[in-house]
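# Chain and residue survey
Listed below are the residues making up each chain.
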Amino acid sequence: MAKHAVTLIEGDGIGPEVTEATRRVLEATRVEFTWDKRDAGMDAAERHGDVLPAETLESIRRHGVGLKGPITTPIGEGFRSVNVGLRQALELYVNLRPGKTIPGVQSAFTDIDLVIVRENMEDTYAGVEFDTGTPEAAQVIASINASSRRQVATDAAITIKMITPGGSRRIVEFAFNYARAHGRKLVTAVHKANIMKFTDGLFLRVAQEVAKEYPDIEFNDRIVDNMCMQLMQKPRDYDVLVMPNLYGDIVSDLVAGMVGGLGVAPSGNIGKDVAVFEPIHGSAPSHAGKNEANPTAMILAGVMMLRHLGEVEAADKVERAVASIIKDGTDVTYDLRADRDPNRAVGTDKMADAIIARL
Ligand code: NAD
């Protein structure tokens, strides 16, 4: 059996605990790994003078695959998000977020099986921003006002929304290829092209063009606000949803909420030659170091990684073991209990032990 070399970034907050639980579960599948442990985030800044050290990026590039815990981002000041930085540096242009009901997880919805394909590099997340009152903002505003009928207020803060034909094409192609490879029937492009006629209009036009190249997969499109309402009313009418960055961020959290919340939602950041898998939740600092965080989202990120590495049997086995432990409802962390009673819940490590025993 092939031995897989994987860059392991444990992150901070609850990161180290859920990463350790996940590493143990993955090793219990008997798939062989060599873990190349690397730093990112505040700890990396202390040790390497950089929140995203070059050696961490180089390790991921070399191995082609990374497994990552959550990393704290200071709000409003300090460094930019390491998570966004990582996606930009490695050109991980796909954010893949499955939203599938796990029986036993508390949720208002049942039988949800959606896949969100979020564009990860462009849109308002590209980081092209100008703060209010700065000379740079004044220059941008003057240039806009010279060429636009609609005028921008001179004290405005500006974030640029950028959508390119190439960026749109590769994300929509990914969605269709994913649909084909996973027996999915429908791809829905989500946008606001009625208002943002140029940026979202371009995304929609490209999606319509790409759809013609995949006659075996059905295609439709929805305006993002209507999409949110329809997901509440008839989620089973949808299958694979593809969208620009900002809508993807919001809609994928909406879908995560529909299948039981942050504690059970994994994601993959995928580029041409490199992929990094992580839970969608953050570092939950108030739970850090208490052995009480739910490891499920991180373990399911590990399941996505196993599938990516072609270890489909091991992936299915872990997924079944996680589902069966959650369904039993005994060896689970507090957030998965209906009574949320921490005294009757088990810790992160014990939940991992139970999953390993069930393998
Ligand atoms: P969060 O996801 O860390 O926590 C929100 C709440 O959800 C927590 O207080 C907790 O009650 C619950 N929660 C989340 N994960 C849980 C788990 N595994 N088990 C049990 N309960 C869990 O979101 P936040 O508080 O907005 O962010 C905290 C920090 O994490 C911020 O600095 C943020 O920037 C960062 N963050 C990082 C990533 C990432 O690394 N990809 C993603 C999101 C947020």
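The paragraphs below set out a description of the structure included in this document. If you're wondering where the values come from, they're calculated on a predicted model, not measured in any experiment.

## Observations regarding unusual backbone geometry
The phi angle of most residues is negative, glycine excepted, and most peptide bonds adopt the trans form. In the Ramachandran plot, Glu-91 falls in the positive-phi region, its phi being about 50 degrees despite a non-glycine side chain. Its place among the elements puts Glu-91 in the loop between helix H4 (82-89) and strand E4 (94-100). On the basis of relative accessible area, Glu-91 is assigned to the partly exposed category, the value being 39%. Its identity as a non-glycine residue notwithstanding, Arg-340 has a phi of 45 degrees, on the positive side. Locating Arg-340 in the fold gives a position in the loop between helix H11 (312-328) and helix H12 (348-358).

## Overview of helix H7 (residues 199-212)
End to end, H7 covers 21 Å across 14 residues, agreeing with the expected 20 Å (1.5 Å per residue, within 8%). Among all positions in H7, only Thr-199, Asp-200, Gly-201, Leu-202, Phe-203, Leu-204, Val-206, Ala-207, Val-210 and Ala-211 are buried. The inward-facing, buried residues of H7 contact helix H6 (165-181), strand E8 (186-191), strand E9 (218-223), strand E10 (240-243) and helix H9 (245-258).

## Regarding the site of the ligand
As a matter of local geometry, the ligand sits amid 20 residues, with Ile-71, Thr-73, Gly-282, Ala-284 and Asn-294 nearest to it. Taking Ile-71, its main chain carries an N or O atom lying 2.8 Å from an oxygen atom of the ligand. In the environment of the ligand, a nitrogen atom lies 3.1 Å from a nitrogen or oxygen atom belonging to the side chain of Glu-278. When isolated, the ligand has an accessible area of 820 Å², and the protein chains bury 68% of it. Taken together, the residues of the shell around the ligand sort by class into nine nonpolar, eight polar and three charged.

## Details of the side chain of Thr-188
Secondary-structure assignment places Thr-188 in strand E8. For Thr-188, a relative accessible area of 0% corresponds to the buried category. Leaving out residues up to four positions away in the same chain, Thr-188 has contacts with Asn-220, Asp-221, Arg-222, Met-227, Tyr-238, Val-240, Leu-241 and Val-242.

## Looking at the packing of helix H8 (residues 224-233) against H9
Put simply, H8 and H9 touch, their axes get as near as 11 Å, and they point 5 degrees apart. Considering their axes alone, H8 and H9 lie roughly parallel with respect to each other. Contacts between H8 and H9 pair Val-224, Cys-228, Leu-231 and Met-232 from the former with Tyr-247, Val-251, Leu-254, Val-255 and Met-258 from the latter. Residue composition of the contact of H8 with H9, by class: nine nonpolar, no polar and no charged.

## Focus: the packing of helix H1 (residues 15-28) against H12
H12 packs onto H1 with a crossing angle of 15 degrees between their chain directions and a minimal axis gap of 9 Å. Here H12 runs roughly parallel to H1, going by the angle between their axes. Remark: the crossing between H1 and H12 carries right-handed chirality. Two secondary-structure elements touch here, H1 through Glu-17, Val-18, Ala-21, Arg-24, Val-25 and Ala-28 and H12 through Thr-348, Asp-349, Ala-352, Asp-353, Ile-355 and Ile-356. Looking at the contact of H1 with H12 residue by residue, the class counts come to seven nonpolar, one polar and four charged.

## Regarding the pattern of salt bridges
Per the counting criterion, the structure on display carries 29 salt bridges. A salt bridge links Asp-113 to Arg-184; its shortest N-O distance comes to 2.9 Å. Within this pair, whereas Asp-113 is found in strand E5 (residues 113-119), its partner Arg-184 is found in the loop between H6 and E8, the two being separated by 71 residues in sequence. By relative accessible area, which is 35% here, Asp-113 ends up partly exposed. Through salt bridges with shared partners, one network takes in Asp-36, Arg-38, Glu-55, Glu-58 and Arg-62.

## Side note on the packing of aromatic side chains
Per the counting criterion, the structure on display carries four aromatic pairs. Ring centres 4.6 Å apart and planes at 20 degrees place the aromatic pair Phe-33 and Trp-35 in the stacked group. Considering the side-chain rings of Phe-176 and Tyr-214, the 4.8 Å spacing of their centres and the 20 degrees angle between planes classify their relative orientation as stacked. Highlighted residues: Phe-176 in helix H6 and Tyr-214 in the loop between H7 and E9, separated in sequence by 38 residues. For Phe-176, a relative accessible area of 0% corresponds to the buried category. An aromatic cluster of at least three residues, connected via ring pairs, comprises Phe-176, Tyr-214 and Phe-219. Over the face of the ring belonging to Tyr-93 we find Arg-170, whose NZ or CZ atom lies 4.2 Å from the ring centre.

## Observations regarding the pairing of strand E3 (residues 65-68)
Residues of E3 alternate between two faces, with Val-65 and Leu-67 on one and Gly-66 and Lys-68 on the opposite face, all of them buried. Sheet topology places E3 next to strand E12 (residues 275-279); three bridges connect them, and they run parallel. Bridge pairing links Leu-67 to Phe-277 in E12.

## Looking at the pairing of E5
Taking burial as the measure, the seven residues of E5 include six buried ones, the bulk of the element. In terms of strand pairing, E4 meets E5 through seven bridges, oriented antiparallel. Counterpart to Pro-98 in the pairing with E5 is Val-115. Here E5 pairs with E10 via four bridges, running parallel. Within E10, the position partnered with Ile-116 by the bridge is Leu-241.

Scoring rules and cut-offs
- Residues numbered from 1 in each chain as written.
- Predicted model: local features only at pLDDT ≥ 70, side-chain atom pairs only at ≥ 80, totals over all residues.
- Heavy atoms only, no water.
- Helix = DSSP H or I, 4+ residues; strand = E, 2+ residues; numbered from the N terminus.
- Buried < 20%, exposed > 50% of the residue type's maximum accessible area, 1.4 Å probe, protein only.
- Expected span 1.5 Å × (residues − 1).
- Contact = heavy atoms within 4.5 Å.
- Near = heavy atom within 4 Å.
- Polar contact = N/O pair within 3.5 Å; in protein donor to acceptor, adjacent residues only side chain to side chain.
- Areas by Shrake-Rupley, 256 points an atom, 1.4 Å probe, with all protein chains shown as cover.
- Nonpolar A, V, L, I, M, F, W, Y, C, P; charged D, E, K, R; others polar.
- Axes fitted to C-alpha atoms, helices over the stretch in contact; angles between N-to-C directions.
- Parallel < 35°, antiparallel > 145°, perpendicular 65-115°, else oblique.
- Left-handed = near helix turned anticlockwise from the far one by under 90°.
- Salt bridge = Lys/Arg side-chain N within 4 Å of Asp/Glu carboxyl O.
- Phe/Tyr/Trp six-rings, centres within 6.5 Å; stacked < 30°, edge-to-face > 60°.
- Lys NZ or Arg CZ within 6 Å of the ring centre and 35° of its normal.
- Pairing = 2+ DSSP bridges.

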